[in-house]
Amino acid sequence: MAVGQSIPRVDAFAKVTGEAKYTADLVPANAYVAKIVRAPVASGWVRGFDLTEAQAVPGVVRIFTCFDVPDIQFPTAGHPWSTVPSHQDICDRKLLNAHIRVWGDEIAVVVARDRISAERAARLVKADIEVLPALSTPDEAMAPGAPCLHEEKPGNVVVHSQFHLGDGTFDEAAATPGAVVVSGHYSVPAVQHCHMEPVHSFAYMEGQKITVVSSTQIPHIVRRVCGQALGIPWSRVRVIKPYMGGGFGNKQDVLVEPLAAWLTTQLGGHAVNIELSREEVLGCTRTRHAFDWDVQAVASPDGTLLARTYCAKSNQGGYASHGHAIAANAANVFKQCYRDRVSLDSESYTVYTNRPTAGAMRGYGIPQGCFITEALTDDLAYALGMDPLEFRLKNCVQAGYVDPHNGITMHAYGLDQVLEKGRAAIDWDAKRRLYQNQTGDRRRGVGMALFTYKSNVYPISLETASCRMMLHEDGRVTVQMGATEIGQGADTVFTQMAAESIGLPVDAIDIQSVQDTDVSPFDTGAYASRQTYVSGMACKMTGESLRGKILDYAAGMLERSAEGLTITDGQIVDETGQTVLTVADVGMESCYSLTNSRHLTAEETYHCEQNTFATGACFAEIEVDLALGQIHVLRLVNVHDSGRLINPKLAEAQVHGGMSMGLGYALSEEMLFDDACKPLNANLLDYKIPTAMDTPKLEALFVEVDDPTGPYGNKALGEPPAIPVAPAIRNALLHATGVSVHSLPLTPQKLIEHFRAAGLLGGEDHV
Amino acid sequence: MRNLISLTVNGVPTTVAVEDGEALLDTLRDRLGLTSVKRGCEVGECGACTVLIDGKAVDSCLYLTVWAEGKSILTVEGLRKADGTLSPIQQAFIDECAVQCGFCTPGLILSALEIVMSGKEYTREELRKRISGHLCRCTGYENILNAVEKAIQMSRSAPQPK
């Protein structure tokens, strides 16, 4: 059995030896360097340029401005294209833009023979800019008279959506005798992906073909958007995705690829390289959406959840990118986690502002949605005087759940086991009692948060994936996936699935890690935790197809029927268990037979019309230093119900990374801006992702409930680990101190203010 | 102005012509083709460009090549044995599933090697501090610490390869 084994990563050898080539390692030595000229304000209009000084810099090849680019607006979200116009992504930017909507907006580009010349000239480009007021928040942007960011969206609201569930109303529920009501305003800030490999693309031409080499999660979508942005047939563009140093959703957006593609067409096909600096990546690519909420919840005195109201404002920043899909997802998890017996009223706005464009980031709105869901849940349980885990067990989503709007069904249900496993692991009941009456400057608490997460984007968008395999003369098989390895381990689990479905040992499988849209089969890419579930099924189907062809060919060689033959560990075995041929025998004969030469290959597409929910929870034990406002995480335990694990060791590693990202969201990460929307901490020194010293031991546990819809009983795992950590820590703080903090991150400054307000610090002169 | 710098890179005496202000990162990547040395931030924040200079882990983005005259530089390209097999620390990173996207990996392997070569005993907490100059967004450092500890154990139980 290859599936279910913790085989080493298939790409680890190349990565520990330096053999793995990333985009930066492939740039032609003579490539021109393109440096983007960025707007020094977040809102305004470019009225003209003075390029005299910049053009005089030795080494400058050409300078292009926003007045030179094609008058074509294009979308950037890494969504499957929709052939239905009403479902298509918003087309709201050009290659370079005269209307400045974000600080650092791309208004011109210098192309030079070397980097120093390009950077020097870019600093000398003089832009005449009419500055407009910058809008920081949805409320500012929705206010009457606010400047309009995009003429297609007067009032700056990208989308407003709402729904009501249940027969009653919140007010009716709140009128129940003894009902307990909580309400409040909550918020989370923008944060950034901080993949270690910066954003990087280069492009060149061979004849009419434009080749774009890019660190992207979505090569086939990048090809499409480059075609759209340049107004050319899509297959004139070829996208190559080499080894990748992480993406986390930032590279599920089309970033600098269309500009690189267009520049090479303007320069006789010469190679043009765009490698963003870390500061540009942090301040000028994409972020996780900041959210504000007004929410209410009401429960009966016995802790039965009756009704909730939810109003979210999602800060989109200057361009639509993934747009309202994020806010819709956040509203969905609020709905999906709990059973409101009377009603749920939900309303969401996605609003353009002059903050950096927000897009996809690991969890796609669910980390935000989980924060508000689980903070509110704990606040309600606290008001009820009820153990928050007991409250959840009484009210959380149950087996067989079907989303009333999109029909997504919880085919397998492991949430009950998740909660019990986490409860035991953290010693919940004893710790809740132990920490209930503390005094002193250091106080401990335990908290938890749960989540649900769907395993792909069906039925909201198309789900399709394909795979191709070929048998070689020595019995080995090459696997080509359209799905992408971005660091998460996809190639390793596909290798296991291919070996399993054909009947080969894993070391007989060679998977091609580089996607090339001229060669690789079609797939929409790495996002939505979809690849093991959707692309994995394409891999399994292709393996089964190839296995059938190998057995048919073997039957011909043996002059018998294929029925009763099987492949085990590379051996072709008959009904009696005897090895009658090897796959290598078939590989050799099928290529070189003088009577029946036939290259044995297989290719299948999985058009997925299924979805299912993964679930999980985080349990946190913390110690709070009241005087320092500091949280020390003593234990952090994630428990995941992601169906059957294809590779337990890789799954555990994936959970560790997500927990680390969630820990940063909880305690330290926050993009800061001045009033003019200029980023203040767009570097890795001032923007604080966890280091090894900030990270406690990370404990990853699983319950493995087979899901009948996954290729091997598996469902989503990639994004979920990042989701529940921040609310679990926030809820542990509530347990430790009785202080309900309504925002992230839980920084010392913020906590000191809360502790002081709560009287925990003994008044002003105590400090 | 060009300078001729003589240094040893992965055991091979090398002379290379470099600009005054050229970072060792750029020399190694662009002139010597050692692309395992990664450009993550160029200001010493991320640690992806770490190399060993005379056995000490250094951010090569902050180190001018002209300072490297007479020094010995080690990158992961120089770690494999003559027959191509991996060094114990490379193998430990594979075995402990300490590699994900791989972008921080070469630099961390070199810091780990510095730790192992020191011959000193470190607690887990001390190891956290020793590798805290490396940012990793994929692993939460858990398996990286496991790999470093494993490499330390292996170095104690096996004679040090020359």
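Residues numbered from 1 in each chain as written. Chains lettered and ligands numbered in written order. Predicted model: local features only at pLDDT ≥ 70, side-chain atom pairs only at ≥ 80, totals over all residues.

### Here we look at the overall build of chain B
Put simply, the test is: Secondary structure elements are defined from DSSP: runs of H or I of at least 4 residues count as helices, runs of E of at least 2 residues count as strands, and each element is numbered from the N terminus. Buried, partly exposed and exposed are defined by the number of other C-beta atoms within 10 Å of a residue's own C-beta, namely 20 or more, between the two limits, and 12 or fewer respectively, with C-beta atoms placed from the backbone.
A count of helices and strands for chain B gives 5 helices and 5 strands. Listed N to C, the secondary structure of chain B is β-β-α-β-β-β-α-α-α-α in terms of helices and strands. The C-alpha extent of chain B, read off along each of the three principal axes, is 45 × 35 × 25 Å. Going through the 162 residues of chain B one by one, you find that 53% of them count as buried.

### Regarding the overall build of chain A
For the record, the criterion: Radius of gyration: over C-alpha atoms. The globule rule applied is 2.2 Å multiplied by the number of residues raised to the 0.38 power. Contact criterion: two residues are in contact if their C-beta atoms, reconstructed from the backbone, are within 7 Å.
Secondary structure summary: chain A contains 19 helices and 27 strands in total. The C-alpha atoms of chain A give 27 Å as radius of gyration, which agrees with the globular expectation for 767 residues (27 Å, within 12%). When its C-alpha atoms are laid out on the principal axes, chain A stretches across 90 × 80 × 50 Å. The burial tally for chain A puts 59% of its 767 residues in the buried class. Residue pairs at least 24 apart in sequence account for 81% of intrachain contacts in chain A once pairs closer than 6 positions are excluded.

### Thoughts on helix α6 (residues 219-230) of chain A
Three- or four-residue spacings in an α-helix give side chains the same orientation, since the helix completes a turn every 3.6 residues. Residues and elements named next belong to chain A. Note the following rule: Here the expected span of a helix is defined as 1.5 Å times the quantity of residues minus one.
Its 12 residues give α6 an end-to-end C-alpha distance of 16 Å, which sits within 8% of 16 Å, the value for a rise of 1.5 Å per residue. Listed as buried for α6 are Pro 219, His 220, Ile 221, Val 222, Arg 223, Arg 224, Val 225, Cys 226, Gln 228, Ala 229 and Leu 230. At its buried positions, α6 is contacted by β10 (209-214), β11 (237-241), α7 (257-266) and β20 (515-516). In the stretch just after α6, Gly 231 is the one whose phi turns positive, near 70 degrees.

### Structural notes on the nonpolar core
Filter applied, for reference: Take the buried Ala, Val, Leu, Ile, Met, Phe, Trp, Tyr and Cys residues, join any whose C-beta atoms are within 7 Å, and the set you get is a nonpolar core.
Formed by 301 residues in total, the largest nonpolar core has its most connected members in Val 109, Val 110, Ala 260, Val 725 and Ile 729 of chain A. When near neighbours in sequence (up to four residues on either side) are disregarded, Val 725 of chain A contacts Cys 618, Leu 636, Met 659, Gly 662, Leu 663, Tyr 665 and Ala 666 of chain A.

### Comments concerning unusual backbone geometry
Residue and element names in this part refer to chain A. A cis geometry characterises the amide bond from Tyr 458 onward to Pro 459, with omega recorded as 5 degrees. Look at the link from Leu 744 to Pro 745: it is a cis peptide, with omega at -10 degrees. The topology assignment puts Pro 745 in the loop between α18 (725-737) and α19 (748-757). Of note, Asp 569 is a non-glycine position whose phi angle comes to about 50 degrees, a positive value. Inspection of the secondary structure assignment puts Asp 569 in the loop between β21 (566-568) and β22 (571-573). Taking the C-beta count within 10 Å as the criterion, Asp 569 has 14 such neighbours and is therefore assigned partly exposed. With a phi angle near 70 degrees, Cys 677 is a residue other than glycine that sits in the positive phi range. Mapped onto the fold, Cys 677 is located in the loop between α17 (648-667) and β27 (698-702). Residue Cys 677 is classed as buried on the basis of its C-beta count, with 23 C-beta atoms lying within 10 Å.

### A closer look at the interface of chain A and chain B
Our working definition: Throughout, the ten residues Ala, Val, Leu, Ile, Met, Phe, Trp, Tyr, Cys and Pro are labelled nonpolar, Asp, Glu, Lys and Arg are labelled charged, and all others, Gly among them, are labelled polar.
Taken together, the contact pairs 42 residues of chain A with 42 residues of chain B. Those elements that place two or more of their residues in the side of chain A that touches chain B are α1 (12-17) and α17 of chain A. The leading source of residues in the side of chain A that touches chain B is α17 of chain A, at 8 residues. Taken together, the residues of the side of chain A that touches chain B sort by class into 23 nonpolar, 12 polar and 7 charged.

### Let's talk about the UniProt feature "domain: Aldehyde oxidase/xanthine dehydrogenase a/b hammerhead" (unreviewed entry) in chain A
As a reminder of what qualifies: UniProt positions are given in the numbering used here, feature names are shortened, and annotations may be inferred rather than shown by experiment.
What UniProt calls "domain: Aldehyde oxidase/xanthine dehydrogenase a/b hammerhead" (unreviewed entry) maps, in this numbering, to residues 17-133 of chain A. Summarising residues 17-133 of chain A: 13% helix, 30% strand, and an end-to-end C-alpha distance of 51 Å.

### Examining the environment of Arg 730 of chain A
Residue and element names in this part refer to chain A. You can see Arg 730 is positioned in helix α18. Sequence separation between Arg 730 and Phe 371 is 359 residues, and the spatial gap between their C-alpha atoms is 8.8 Å. In contact with Arg 730, other than residues within four places in its own chain, are Ala 375, Gly 447, Ala 666, Val 741 and Leu 746.

### Overview of the sheet that holds strand β6 (residues 126-131) of chain A
All names here are of chain A. The criterion, for reference: Strand pairing requires that DSSP identify at least two bridges connecting the strands.
Spatial ordering of the open sheet is given by β4-β2-β6, a layout of 3 strands whose pairing is antiparallel. Strands with a single pairing partner mark the edges of an open sheet, and in this sheet they are β4 (99-100) and β6. Inspection of the sheet shows strand β2 (residues 44-50) paired to β6 by 6 bridges, in the antiparallel sense. Bridging from a neighbouring strand, Trp 45 pairs with Glu 130 of β6.

### Side note on the sheet that holds strand β3 (residues 50-53) of chain B
All names here are of chain B. We count it as follows: Helix axes are fitted to C-alpha atoms over the stretch in contact, other axes to C-alpha atoms as well, and angles between N-to-C directions run from 0 to 180 degrees.
Spatially, 5 strands are ordered β2-β1-β5-β3-β4 in an open sheet, and the strand pairing comes out mixed. Bordering the open sheet on either side are β2 (12-19) and β4 (56-59), each of which pairs with just one other strand. On average, each strand axis in the sheet is inclined to that of its neighbour by 40 degrees, with strand direction left out of account. As defined by bridge partners, β3 adjoins strand β5 (residues 72-74) across 2 bridges and the pair is classed as antiparallel. Across the sheet, Leu 52 pairs through a bridge with Leu 74, a residue of β5. Contacts from helix α3 (residues 105-118) reach β3, β4 and β5, with the element oriented near 35 degrees to β3.

### Regarding the domain arrangement of chain B
Residue and element names in this part refer to chain B. Formally: Boundaries between domains were set according to an automatic or database domain assignment.
Along its sequence, chain B is organised into domain 1 (2-77) and domain 2 (88-157). Centre-to-centre, using C-alpha coordinates, domain 1 lies 21 Å away from domain 2. In this assembly, 17 residues from domain 1 lie in contact with 13 residues from domain 2. Mapped by element, the contributors of at least two residues to the side of domain 1 that touches domain 2 are β3 and β4. Counted by class, the side of domain 1 that touches domain 2 contains 9 nonpolar, 6 polar and 2 charged residues.

### Regarding the domain arrangement of chain A
Residues and elements named next belong to chain A. Taken as a whole, chain A is organised into domain 1 (12-132 + 199-275), domain 2 (290-458 + 610-766) and domain 3 (464-607). Across the contact, 20 residues belong to domain 1 and 16 residues belong to domain 3. Every element with two or more residues in the side of domain 1 that touches domain 3 is listed here: α6 and β11. Here the side of domain 1 that touches domain 3 is built from residues that sort into 9 nonpolar, 8 polar and 3 charged.

### Concerning the pairing of strand β18 (residues 477-481) of chain A
Residue and element names in this part refer to chain A. Worth spelling out the cut-off: Convention used here: a crossover is right-handed provided that the path from the first strand, over the helix, to the second strand proceeds clockwise when the strands point away from the viewer.
In terms of burial, β18 is a largely internal element, 4 of the 5 residues being buried. With 5 bridges joining them, strand β17 (residues 464-471) and β18 adopt antiparallel strand pairing. Within β18, the position partnered with Met 469 by the bridge is Val 479. In textbook terms, the turn of a hairpin is the stretch between consecutive antiparallel strands, and for β17 and β18 this stretch comprises 5 residues, one of which, Gly 475, has a positive phi near 85 degrees. As a crossover connection, the stretch from β18 through helix α14 (residues 490-502) into strand β19 (residues 509-512) is right-handed.

### Notes on the confidence of the model for chain B
Regions with low pLDDT should not have their predicted coordinates read in detail. Note the cut-off: The predictor reports its confidence for every residue as pLDDT, a score running from 0 up to 100.
When pLDDT is averaged along chain B, the result is 96; 96% of the residues meet or exceed 70. Listed scores for the predicted complex are pTM 0.98 and ipTM 0.97.

### What about the environment of Thr 695 of chain A?
By the secondary structure assignment, Thr 695 of chain A is in the loop between α17 and β27. Spatially, the C-alpha atoms of Thr 695 of chain A and Gly 664 of chain A are 9.1 Å apart, while their sequence positions differ by 31 residues.

### Some remarks on the packing of α3 of chain B against helix α5 (residues 142-157) of chain B
Residue and element names in this part refer to chain B. Going by this rule: Two helices that cross are described as forming a left-handed crossing if the nearer one is turned anticlockwise from the farther one by less than a right angle, and a right-handed crossing if clockwise.
Contact pair α3 / α5: the axes reach a minimum separation of 10 Å and the direction vectors enclose 35 degrees. Crossing of α3 over α5 shows right-handed handedness. Together, Leu 108, Ala 112, Ile 115 and Val 116 of α3 and Ile 144, Ala 147, Val 148, Ala 151, Ile 152 and Ser 155 of α5 make up the contact between the two elements. Residues of the contact of α3 with α5, tallied by class, amount to 9 nonpolar, 1 polar and no charged.

### Observations concerning the pairing of β3 of chain B
Residue and element names in this part refer to chain B. Alignment of β3 against β4, held across 4 bridges, turns out to be antiparallel. Along β4, the bridge assignment pairs Leu 52 with Ala 57. Here β3 folds back onto β4, and the loop between the two strands holds 2 residues, one of which, Asp 54, carries a positive phi near 50 degrees.

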